[in-house]
Structures are given as structure tokens and as C-alpha cells.
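So the chains spell out like this:
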Amino acid sequence: MTLDWESVDRRSRSGDQPGVARLLLAVGEPERLAFAKAVEAGIKGTDPDVRWRSHVDPAPGYALAVIGTAPTAARAATMLLRRGLRDSWQRIQFERLTQIADARQLDWLGELGERLCARLPTRDVWDGADWAFAARILEAGKAQPPVTEGVVRGWLARLIRPRGKRLPPLSMRMRDDPYLDLLLPGVFEIDGMGADIYNATWGEASAPPRSGIRFHEAVAALVAEGRLERKTILAAIADRLARGDKPTALRPFVLLHDELAPTVDEIAAHALDYARLLAEGPGPIATVAQRCLRSLDDTGRLDLDTLLEASLPALLRKEKTLVKAQITWLEKAAGREPERAVEVFETIAAAFGHPALDIQERALTVIIRHLPALPADAVARLADASAALAGDLPARAATVFGTAVVAETVPELPPFAGPAAMPAPITTAAELAEEIAVLVHEESGVRWEQVLAALVALHADGRRDELAAVLTPLLERYPGELGEHSWNVGEPLACLGVAIRVATGLPRDHDTHRQLYGAVRTAWQEGRRGGSGSELSSAPDGVLALRVAEIAVHLNGSMMPMLVATPTHVNGSLDPEVLSDRLSRAEGEGWQPWPFDLEQALLRLPRNGVPAEVVAGAGALTSPAGRQFAQWLAGGGLPDPVSELFVQVPASNGHGFVWGLDLPRRMAATLRPSRDGGLRLERQLLTLDPPKHPEWAPQRFGRQPGVLSMVLPHHREVAAAWAIGELAALADQDQRDNGRLLPLLTECSGPVGPALTYGLAYTFGAKQESDRAAAVDAFLVLAAGTNPFAHAVGAALADLAADGSVKLNRALPALTDAHRSGASAAIWELLTAALPPLLAAGHRAVPDMLELATQVAVAIGARSAIPGLAEAAARPGSSRLVQEAKRLHSALAS
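What you see is a predicted model; the values in this text were computed from it and never measured.

What about helix α11 (residues 149-160)?
Then step 1. For α11, spanning 12 residues, the distance from its first C-alpha to its last is 16 Å, which sits close to the expected 16 Å at 1.5 Å a residue.
Then step 2. Counting buried positions along α11 gives 10 out of 12 residues, so the element sits mostly inside the fold.
Then step 3. Of all the positions in α11, only Gly 150, Val 151, Val 152, Arg 153, Gly 154, Trp 155, Leu 156, Ala 157, Leu 159 and Ile 160 are classed as buried.

Laid out in C-alpha cells, this is it:
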């Protein structure tokens, strides 16, 4: 009998693994080795996705053929790790595999297992199925696994996400696992392992785990029965916590720490680790460290130097409860060791630099209480330290220490310097190819403008051969992005692919070219993008696609030497003098700019401050484009549309769930043009009717930063109305990265309307710090301008906070950053608008907002009354709301 691929393939495709094994066992070892190359060729020639198109997966049969013919472990591993085979490891009948291996008397199964372990995944390890197969190979080869991240993750996943219905408890499975002693240390040593435990235990709807016992409970049980050494596990926990990780990744180890409940002796052995955790660890872990160190200190076994060293950074932590406890602890330590009280109170004075006024006040109160017992030189040093106090506290400190009140230095916000100039134009075909390659991966408005201008200019300069040499490989490298497909019809990149084919003389799809021609004709005849006869987007980004389509349609029909709409500044603005020069050149050389290129150029002109000589020069032009330019300047450009708020509600009875979060509503905006007629582009740009219900995870303009704002650089409210859904989702759906739109919008000009103010308010409440930082940048740009806006942003913020659409605890740090960056006056205007409704509603974040208001008021010397503040300050009791209201009321009255 001889082996042939057709027989193996046929049995594999029918799922006959025993039949494949019989074929391999029926011949001798020489025949099997000689058949190895045929097996490799047959597997490589098979579509790896064939299992999805057939009822039976042939890969397990192929894997048996690999085991039955491979000459070495390396060759076998290479084939088994191919995508089509690797995905089917768990479906291999392992008894057939060992039957074949025994018949061949393979001595490299252990090496094969090690090679498979070396390639185990380190991400998206769900149930450790790959590890389970590799472990069986190792067992068959009597080998130990290497301690790699993939092995440890797979081993752990198999333990905490086991298969089967009736399972013993996790502690029993861990006790009986042959690799427990080898691999468990890796769970503590490898970053992120705790996140796997957390996700399997608390991060799923199925929690608690099916075994009824969690990881920390299982390890603690094994420690209690002596299977694991307590000292070793405690040392591993201390090391893991000291090295840090994400909070969710550390939580299982904190729970294990608490489950083991270290004794004072055990805590003393790791006192320095606990001190480091108190100073630098995540909040919950720092709290654990503080508790352990206090228990050690209560027995007199904590060195005071260690306590003081850890306290300096701990007193500046954001966790107020922890900091207050630390101040109380230090005060107690000073009473216990009076000979070192000066050092202790000077350490407490570090809290003068805490951003929260109530923490500063707590530290100042403690120091004042013990001031009579301190020597004069120590009092002088404490007086100097009080210069870090903020709000109303410097005046109190000056009274106590007998010093002058030092006025807080308010940074001056520099005027906005205006948008930067556009980068130098692309002048070579090679540079154009590089920019297009970058554009495919990361679209931006500036790069789009450079690419379009260069493509037209280089083509007009007769460099078709150069363009073909460098751009043709791009079409081959990015067929998905630069080709026309059902998923990208009408997208700018797909249109660019057609334009490249036209510019380089390559064959093009006539149907695609005809579609683009129809879209350009529809936009010209009907002033419309999208709908019948046009695949282009009706949103502002569709203007970019239309301009690219216009280039593709007209590039070979009229030798246009340049685009006239290329902006002079990165926000999309076009200098009127530059456009005048371009149109003068066109008139002198006898060519007319393409229609939508000219319309985009006009939309980019500033509406104010056009020099009289430019207006006069435009009036002297006689070409159709020149006359249109002159009329545009004379008419004052594009008038502002009407922008109004629109409330979107979820589909289910006005209240529902979006992205797993309770979403009561979302604010959007409608747009209506304020005139009839005008340019063909303007009606769609200035007409917006948001859907009744909010969109799930909107993501249209954030992928192409700058494209939206550069269409209408002097109408930022219009751009904000189109983008407000993406900005809102940063706060109410915890989306990310779209905040980068805001600084681009605020660097444009035009009135600040409701869409932009609500967009700012939403982005101040974004979940991601990078998005909130973008809101601060945008706020600073607006604050440096002359348009009033801050009061409206404050009102919007209060409105959104009222029903939880925006979390004020996220917004307050960003507002504080804006104050410290020099926008104090604008922040005060925002706070005076936001505080009255929030005070009336009793919002829980009001005390923190009042604290910020006190700092701002003292910094700028504000005296304006805030409705509802006096009433809040007059309330009985000593709640923080009352304390902060009194503080602000006193600061305003002083």
C-alpha cells in the first residue's frame, strides 16, 4: 500500500480521523517520511478557511498526517502552527495522535510540545485550549513546559475557565495540577495576569465562577493546608503589588493578601514594600498598605523615618480619606515621640500643597493646634511652607504666623496666535507616494490637502511616468483602501484610488469612473451629495470625496495646473490675497478652476478683515471665477446658519441603554441656512436634522481629524453641530479619542453657538484623560479670544450634570487645569453659571465645585454674588457642602 494526498485529504474532509490513522499505520517508517513533503504541500495548498464552508473541519485529519510523517519536531511544529491547523487543535482525537506517535517511536514529542508552548498566544487567551493541547503533547513526551507568558496565561485560563459540567473546586484542581509549583510563580511575576483573573471572576455576567471558588480563595486554601508555602506566597504578593499594574490586575492579589491576613511579624518583613505602596500604589492598595503599616506602628515596630518618608508623597495623593487618615496618624506619632515632633509637623506641612482646600485646612488646623509647643525656627519654616496654601487659607495662616498675605500669582493667558501656516507643498512624486501611504493609515485634513494639490500639480507638470512608477505599487499594496468595494463606495480614499489611476494612465474600472462622474454631475445640477445618482456622503466629509471625485473626472480632460482651494493655514483658512493671485494667474493663462474646487476656496475665505486692495483687485478680474470671487467678497461671504439644540432620547420610552450605559438623553443640534440660493455646496452643509434617537458609538469625523473643520473654517458652530454626537459619546458612552476634534474646531473662527458649548461640556466630562485635556486646550483657545462663551458652557455643564449625562467628578480636574493655565476669568464665568442650578439641585459634586470656585475667586479677586450660595452657607451642620459654601461666601465678601 502507498500513501497519496488524495486519500488523506478525502478522509480528513469527511472527518474520518481513524481512517487517516489507519492509512499512516499501514505503511512503514520510510514511506511515512517520504510522504512528508506531499503532506506539507497539500496543507499549504488548502484554503485555511475551508472549515467555514464545509460541514466538517479537515484540519484534525491533516494534523494527524503531520504527526505521522514529519521528520523532526521543528517541521511538525511549523505545520501545526499554521492558521488552519492551529484553530483545530482541540478537535484532534488525541488517542489517534499517540497511537501514531507510538508506532513511529517518536522521541521528539517533548521538543514538539516545547515548540508549541513557545508560540502560545499572550493575548485573548480565553479558556487555554491551545495550552491544553500543548500540555498533552508535553505529557506524552515526558517533558516540562517552558515558563513563558503564553504558557502561564494558558495554564491559568484552563484552571479558571475550565470545560465540563461537574467540576471539583478550583483549589482541588490546583492542588492536583502537575505544573502548580512551576507555573504559579509566573502568575505573580508577569504583568497583567491579575487582569485575566479579574475578567474571569468579576468581569463577566457568569460570575461567580462555575467552580464556586475564586482564585484568591483557592490559593489561600492551599496555603492553609500546607500545599503552598505561606512565606513564599506573601513575598510574591508583596513583590507583585510593589511592582504595580493596572488596578483591576492588582485586585486579585489584594484580595489574596486580605484572605491571608498577614501577621505583624509578616508585615514587618515587608515594611519597606508597604511604605512604597502607601506612597505610589493605586488607591485601594495604598489603603491596604496604610492599614498594615498602622498596625505595625501600633506595636512600636515601625521606624519613624520610614513613616515620614512614605508620608511626604502620600499626603499629596488624590484619595482624601487616605490623606486625612495619614494626617491623623502623623499627629498621633508626634505625641508619641515629642522629641521629633518638629520633623513630623514639617512633614504634615507637605499637605499645604494638596490641591484640595479641605486637606490643606486639615493640615493647617493640626499644625496650629500644636504651634505653641514648637520652637521659633520650626514655626518660621512652617510659615514659609504656608505659602503653598490656596483659597482663603493664606489669610488665616498669615494671621496665625504673623506674616503678610502673599497674593496668589495668576498666570496670564497669552492671546491666541492664530492657526499655523500650511506645511511646504509636496514637490516630488516620491514624496507624494510617502504621504499617500501615511494617509491610508492616518487620515488628516492637512495631509489630504497636500496630497490633492501635489497630485494635480505633478500631473500638470508632465510627470505621469514618475507618478506611475511610485504610485502604482501603492494601489497594489492597499487594494482594500484605494480600491472600490461595497464597504467603501464613495469614500475619499476609494475616490483617490481612481484619481491615481487616471493620473498614471492605468486601466480603470469604467463603472466606477461612471459612478464618480454621475456623482459630480448630480452635485453640480442638484446641489446634492448622496441619494439617487450619488454614493457620496451628504455630511461635510462628503465635500472632500466630491473634490477628489472631481479631480478623477476632470484630470485628463483639462490640464489644470493647480488647485485654487488649497488652504494657507492648517485650520483650512485661505488667505484672500493668495486666492486673488491664483485666480489672476488662471485668468492670465486662460484656464478656469473646477467648480467645486472654486466653491471650496470661497468657503475658506475669512468673512472679516479682507484688505481693501484685495477687494479692489478682485473687482478688476473679468473671468467667471474672478467675478464670482468679487461677488463673494462684496456679499460678506457665507452668512451664519441658525443653530438650535435638539434633544435625542433612546428608543425605549424615553429611557434606555446605549453601549451598556444608562443614557437618559443626548443633546444634538439642528442647522438651517439663513438664506436661499448661494453656492451649490452650502445648502447641504448648513442643513442638519439629527435622528430622533442617539446613534450608537458615533465615529465619523474623529477618524479624519481636520477634514470636518477645514470645510468651513470660519463657521465652527456648523462643524460642531455635525460632530456633537461624537463629542457627547465621550461622556455618555465612554468612547475615546474624538476629543481631538475640539481644538481643531476652536482654532477656527465664527460665533460660538449651542453645539460648540455643549460639545465642550460633554468633552470636559469625557472618560479618557486625553480627551479631557483636548477640552482644556480648546477652552484656552476660546478664552484667549473675544467671543463670549464661558457662561454658556457653564450652563450646559450644569444641564448635563443634572441627569448624569456628564459626571462632574471627571470635569472638575479639567476645569482646574484650565484655571491654572491662565483661563481663570473664563472659568469663573463658567462656575457662576453652573453653580446656581447645581446648588438648587443639591448635586453631590457641588462641594468640589465650590472649592474650585473659592480658589478662582481668590486668584482673580472676584466679588460677584452667586445665587443660592448665601442660603447654602447659612444651613445648619458641618457637612462639606456647608463648609465649602461658607468658605466661598467669605472669600467673596472679604
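Quick notes on the side chain of Arg 772
Then step 1. Of note, Arg 772 is situated in helix α43 (residues 769-783).
Then step 2. Of the side chains bearing the opposite charge, Glu 769 lies closest to the buried Arg 772, which forms no salt bridge; the N-O distance is 4.9 Å.
Then step 3. A distance of 2.8 Å separates the side chain of Arg 772 from the backbone oxygen of Lys 767, its partner in a polar contact.
Then step 4. Ignoring sequence-local partners within four residues, the contact set of Arg 772 consists of Thr 763, Phe 764, Ala 766, Lys 767, Arg 810 and Ala 814.

A short note on a positive patch on the surface
Then step 1. Side chains of Lys 246, Arg 736, Lys 767, Lys 807 and Arg 844 sit close together on the surface and give a patch of like positive charge.
Then step 2. Residue classification places Lys 246 among the exposed residues on the basis of a relative accessible area of 62%.

Focus: the layout of surface pockets
Then step 1. One number sums up the size of the largest pocket: a volume of about 960 Å³.
Then step 2. Along its surface, the largest pocket is lined by 23 residues, and Lys 318, Pro 355, Asn 809, Leu 812 and Pro 813 are the ones closest to its centre.
Then step 3. For the lining of the largest pocket, the secondary-structure elements that each account for two or more residues are α43, α45 (808-820) and α47 (846-860).
Then step 4. A per-element tally of the lining of the largest pocket places α45 first, with seven residues.
Then step 5. Class assignment of the residues belonging to the lining of the largest pocket gives a composition of eight nonpolar, four polar and 11 charged.

What to know about a negative patch on the surface
Then step 1. A cluster of acidic residues, Asp 575, Glu 577, Asp 581 and Glu 613, forms a negative patch on the protein surface.
Then step 2. Within the element layout of this structure, Asp 575 appears in the loop between α33 (541-554) and α34 (576-589).

Let's talk about the nonpolar core
Then step 1. Counting 156 residues, the largest nonpolar core has Leu 432, Leu 496, Phe 629, Phe 764, Phe 779 and Leu 888 as the members making the most contacts within it.
Then step 2. Ranked by residues supplied to this core, first place goes to helix α40 (residues 716-732) with 11 residues.
Then step 3. What Phe 764 contacts, discounting residues up to four positions off in sequence, is Arg 772, Ala 775, Val 776, Phe 779, Val 793, Arg 810, Ala 811, Ala 814 and Leu 815.

Thoughts on the packing of helix α19 (residues 271-280) against helix α21 (residues 304-314)
Then step 1. Relative to each other, α19 and α21 sit at 20°, their axes nearing to 7 Å. Overall, the two elements α19 and α21 adopt an arrangement that is roughly parallel. In this structure, α19 crosses over α21, and the sense of that crossing is right-handed. Side by side, α19 and α21 meet where Leu 272, Ala 275, Leu 278 and Ala 279 of the first sit next to Thr 306, Ala 310, Pro 313 and Ala 314 of the second.
Then step 2. Its residues assigned to classes, the contact of α19 with α21 shows seven nonpolar, one polar and no charged.

Considering the packing of helix α46 (residues 824-841) against α47
Then step 1. Taken N-terminus to C-terminus, the directions of α46 and α47 make an angle of 145°; their axes are 10 Å apart at the nearest point. Like other packed secondary-structure pairs, α46 and α47 cross with a definite hand, here left-handed. Note on element contacts: α47 touches α46 through Val 846, Met 849, Leu 850, Leu 852, Ala 853, Val 856, Ala 857 and Ile 860, opposite Ser 824, Ala 825, Ile 827, Trp 828, Leu 831, Ala 834, Leu 835, Leu 838 and Leu 839.
Then step 2. Split by residue class, the contact of α46 with α47 holds 16 nonpolar, one polar and no charged.

Quick word on the environment of Val 614
Then step 1. Following the sequence through the fold, Val 614 ends up in helix α36 (residues 612-619).
Then step 2. In this structure Val 614 comes out as buried when scored by relative accessible area, which is 5%.
Then step 3. Considered as a pair, Val 614 and Glu 577 are 37 residues apart in the sequence and their alpha carbons are 5.8 Å apart.
Then step 4. When sequence neighbours within four positions are dropped, the list of residues in contact with Val 614 reads Pro 576, Glu 577, Ser 580, Phe 629 and Leu 633.

Focus: the packing of aromatic side chains
Then step 1. Throughout the structure, instances matching the rule amount to eight aromatic pairs.
Then step 2. A ring pair is formed by Trp 524 and Phe 596, whose centres lie 6.0 Å apart and whose planes are at 85°; its orientation type is edge-to-face. Of this pair, Trp 524 sits in helix α32 (residues 510-526) while Phe 596 sits in helix α35 (residues 595-603), and the two are 72 residues apart along the sequence.
Then step 3. Take Phe 596: its relative accessible area is 1%, and that puts it in the buried class.

So, empty space enclosed by the protein
Then step 1. Counted under the stated rule, the structure contains five cavities of 30 Å³ or more.
Then step 2. Counted as a void, the largest cavity has a volume near 70 Å³.
Then step 3. The wall of the largest cavity is formed by Gly 445, Trp 448, Glu 449, Leu 544, Arg 547, Gln 600, Arg 604, Gly 706, Val 707, Met 710 and Val 711.
Then step 4. Elements with a contribution of two residues or more to the lining of the largest cavity: α28 (445-460), α33 and α39 (707-711).
Then step 5. Residue composition of the lining of the largest cavity, by class: five nonpolar, three polar and three charged.

Some thoughts on the pairing of strand β4 (residues 666-672)
Then step 1. Of all the seven residues making up β4, six are buried; the element is thus mostly covered by neighbouring parts of the structure.
Then step 2. In terms of strand pairing, strand β1 (residues 642-648) meets β4 through seven bridges, oriented antiparallel. From the neighbouring strand, Phe 646 faces β4, where its bridge partner is Ala 668.

Some remarks on α28
Then step 1. The terminal C-alpha atoms of α28 lie 23 Å apart, and with 16 residues this matches the ideal 22 Å at 1.5 Å per residue to within 8%.
Then step 2. Looking only at α28, the buried set comprises Gly 445, Trp 448, Glu 449, Gln 450, Val 451, Leu 452, Ala 454, Leu 455, Val 456, Leu 458 and His 459.
Then step 3. Residues of α28 that are buried make contact with α27 (429-441), α29 (464-477), α31 (492-504), α33 and α39.
Then step 4. Immediately beyond the C-terminal end of α28, within one or two residues, lies Gly 462, with a positive phi of roughly 75°.

Definitions and cut-offs
- Residues numbered from 1 in each chain as written.
- Predicted model: local features only at pLDDT ≥ 70, side-chain atom pairs only at ≥ 80, totals over all residues.
- Heavy atoms only, no water.
- Helix = DSSP H or I, 4+ residues; strand = E, 2+ residues; numbered from the N terminus.
- Expected span 1.5 Å × (residues − 1).
- Buried < 20%, exposed > 50% of the residue type's maximum accessible area, 1.4 Å probe, protein only.
- Lys, Arg positive; Asp, Glu negative; His and termini not counted.
- Salt bridge = Lys/Arg side-chain N within 4 Å of Asp/Glu carboxyl O.
- Polar contact = N/O pair within 3.5 Å; in protein donor to acceptor, adjacent residues only side chain to side chain.
- Contact = heavy atoms within 4.5 Å.
- Patch = residues over 30% accessible without salt bridge, like charges linked within 9 Å, V, L, I, M, F, W, Y side chains within 5 Å.
- Areas by Shrake-Rupley, 256 points an atom, 1.4 Å probe, with all protein chains shown as cover.
- Charge placed at Lys NZ, Arg CZ, Asp CG, Glu CD.
- 1 Å grid on protein atoms, 1.4 Å probe; cavity = no way out; pocket = protein on both sides within 12 Å on 5 of 7 lines; lining within 4 Å.
- Points joined across faces, edges and corners; volume = space filled by probe spheres on them.
- Nonpolar A, V, L, I, M, F, W, Y, C, P; charged D, E, K, R; others polar.
- Core = buried A, V, L, I, M, F, W, Y, C linked by side-chain atoms within 4.5 Å.
- Axes fitted to C-alpha atoms, helices over the stretch in contact; angles between N-to-C directions.
- Parallel < 35°, antiparallel > 145°, perpendicular 65-115°, else oblique.
- Left-handed = near helix turned anticlockwise from the far one by under 90°.
- Phe/Tyr/Trp six-rings, centres within 6.5 Å; stacked < 30°, edge-to-face > 60°.
- Pairing = 2+ DSSP bridges.

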